[in-house]
Amino acid sequence: ALRLRELDAPTIEAWAAREAKTRPTAARLAWRLLKAFLGWCAEQPEYAAILPVTNPAKTRKTREALGKAKAKDDSLLREQLPAWFAAVRNLGNPTAAAYLQTLLLTGARPGEVLLMRWEDLNVQWRGLTIRDKVEGERVIPLTPYVHSLLAALPRRGPWVFSSSVVVLNQAPRPMSKPHKPHERACGVAGIDALTLHGLRRS
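Residues numbered from 1 in each chain as written. Predicted model: local features only at pLDDT ≥ 70, side-chain atom pairs only at ≥ 80, totals over all residues. Heavy atoms only, no water.

Focus: the packing of helix 5 (residues 81-89) against helix 6 (residues 94-106)
We apply this condition: As a rule, the C-alpha atoms of each element are fitted with a line to give its axis, helices using only the stretch in contact, and angles between N-to-C directions run from 0 to 180 degrees. Starting at the N terminus, helices and strands are each numbered in turn, a helix being any DSSP run of H or I of at least four residues and a strand any DSSP run of E of at least two. Any angle that is under 35 degrees is reported as roughly parallel, and any over 145 degrees as roughly antiparallel; angles of 65 to 115 degrees are reported as roughly perpendicular and all others as oblique. When checking whether two residues touch, look at their non-hydrogen atoms; a contact exists if any pair is within 4.5 Å. Residue classes follow a fixed rule: Ala, Val, Leu, Ile, Met, Phe, Trp, Tyr, Cys and Pro count as nonpolar, while Asp, Glu, Lys and Arg count as charged, and any other residue, Gly among them, counts as polar.
Across the interface, helix 5 lies against helix 6 with an axial gap of 9 Å and an inter-helix angle of 150°. Relative to helix 6, the element helix 5 lies roughly antiparallel. Of helix 6, the residues touching helix 5 (which contributes Leu 81, Trp 84, Phe 85, Val 88 and Arg 89) are Ala 97, Leu 100, Gln 101, Leu 104 and Leu 105. Split into classes, the residues belonging to the contact of helix 5 with helix 6 amount to eight nonpolar, one polar and one charged.

Here it is as structure tokens:
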């Protein structure tokens, strides 16, 4: 609720200390965005005059209060695979089950698998094109098991993992990431704190 000219280092430091107690990851992102925004404002003649001379978000106390992000290292253990597969196959949602298994078996990023199109499957030569955020795209082998998972899915538009929710006058869209179904399956399998990205690391 403050005006830009009222933003100062003590105010931001107090905010950082308060937010770090309950949501440090979201607070670190918000702090980086605020720093960038204030830096941008300082370069604009119409805003520079109402800002402090130095960026009030760039302080050591704020950085220390929010701490550093810890690298995640969650993954499935070999011994957990039978229980995980059994729980995922019994989800009652074939699209989510196929998505989760494809994610694990291809090692692709969650978003890359979610945005796969039917045209990305080369059934003749058993290849799967993945649109990669780093290399642009790459082709990986389409194994018989993954092919059987994908072939069993309904074709509702261009997306392999399409949403079952149909909105009038809107084009088909990919399904949302199935965080909740995956949490349920992990609960049934007795596996704690396994993220979708953890499947990529498995």
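The discussion continues.
A few points about a nonpolar patch on the surface
This is how it is decided: Residues enter patches when they are more than 30% accessible in relative terms and free of salt bridges; like-charged ones are connected within 9 Å and nonpolar ones (Val, Leu, Ile, Met, Phe, Trp, Tyr) within 5 Å. Only the protein chains shown count as cover for residues, and the accessible areas themselves come from Shrake-Rupley with a 1.4 Å probe. Think of a salt bridge as a Lys or Arg side-chain nitrogen and an Asp or Glu carboxyl oxygen that are within 4 Å of each other. Accessibility here uses a 1.4 Å probe with only protein chains present; expressed as a share of the type maximum, an area under 20% marks a residue as buried, one over 50% as exposed, and anything in between as partly exposed.
Where nonpolar side chains cluster on the molecular surface, the patch consists of Phe 37, Trp 40 and Tyr 47 and spans about 300 Å² of accessible area. When you line up the elements, Trp 40 lands in helix 2 (residues 24-43). Trp 40 sits in the partly exposed class, given a relative accessible area of 42%.

Let's talk about the pattern of salt bridges
As enumerated under the stated definition, the model contains 10 salt bridges in all. Across the salt bridge formed by Glu 19 and Arg 23, the nearest N and O atoms sit 2.5 Å from each other. Note on Arg 23: relative accessible area 42%, which makes it partly exposed. One salt bridge connects Arg 109 with Asp 132, and the closest N-O pair in it is separated by 3.4 Å. Of the two residues, Arg 109 sits in the loop between helix 6 and helix 7 (110-114) while Asp 132 sits in strand 2 (residues 127-132), which places them 23 residues apart along the sequence. Exposure class is identical for Arg 109 and Asp 132. Each is buried. A cluster of three or more residues bridged by salt bridges with shared partners is formed by Arg 109, Glu 112, Asp 132 and Arg 138.

Observations regarding the nonpolar core
A general tendency of soluble globular proteins is for nonpolar side chains to be buried together. Using the following cut-off: Put simply, a nonpolar core is a bunch of buried Ala, Val, Leu, Ile, Met, Phe, Trp, Tyr and Cys residues held in one set by side-chain atoms that sit within 4.5 Å of each other.
Grouped together as the largest cluster of nonpolar side chains are 37 residues, with contacts concentrated most on Trp 84, Tyr 99, Leu 100, Leu 150, Val 160, Phe 161 and Leu 199. When contributions to this core are tallied by element, the ones reaching two or more residues are helix 5, helix 6, helix 7, strand 2, helix 8 (144-151), helix 9 (179-189) and helix 10 (196-201). Tallying contributions element by element places helix 6 first for this core, with seven residues. In this structure Leu 100 touches Trp 84, Val 88, Leu 91, Pro 178, His 182, Leu 196 and Leu 199, once residues within four positions along its chain are discounted.

A word on the side chain of Glu 13
If you trace the backbone, Glu 13 turns up in helix 1 (residues 9-20). Excluding its chain neighbours within four sequence positions, the residues that come into contact with Glu 13 are Thr 59, Lys 61 and Thr 62.

Considerations on the pairing of strand 3 (residues 136-141)
Applied cut-off: Two strands form a pair only when DSSP identifies at least two bridges running between them.
Two elements, strand 2 and strand 3, share six bridges in a ladder whose sense is antiparallel. By the bridge assignment, Ile 130 is partnered in strand 3 with Arg 138. Where strand 2 folds back onto strand 3 in an antiparallel hairpin, the turn is made up of three residues.

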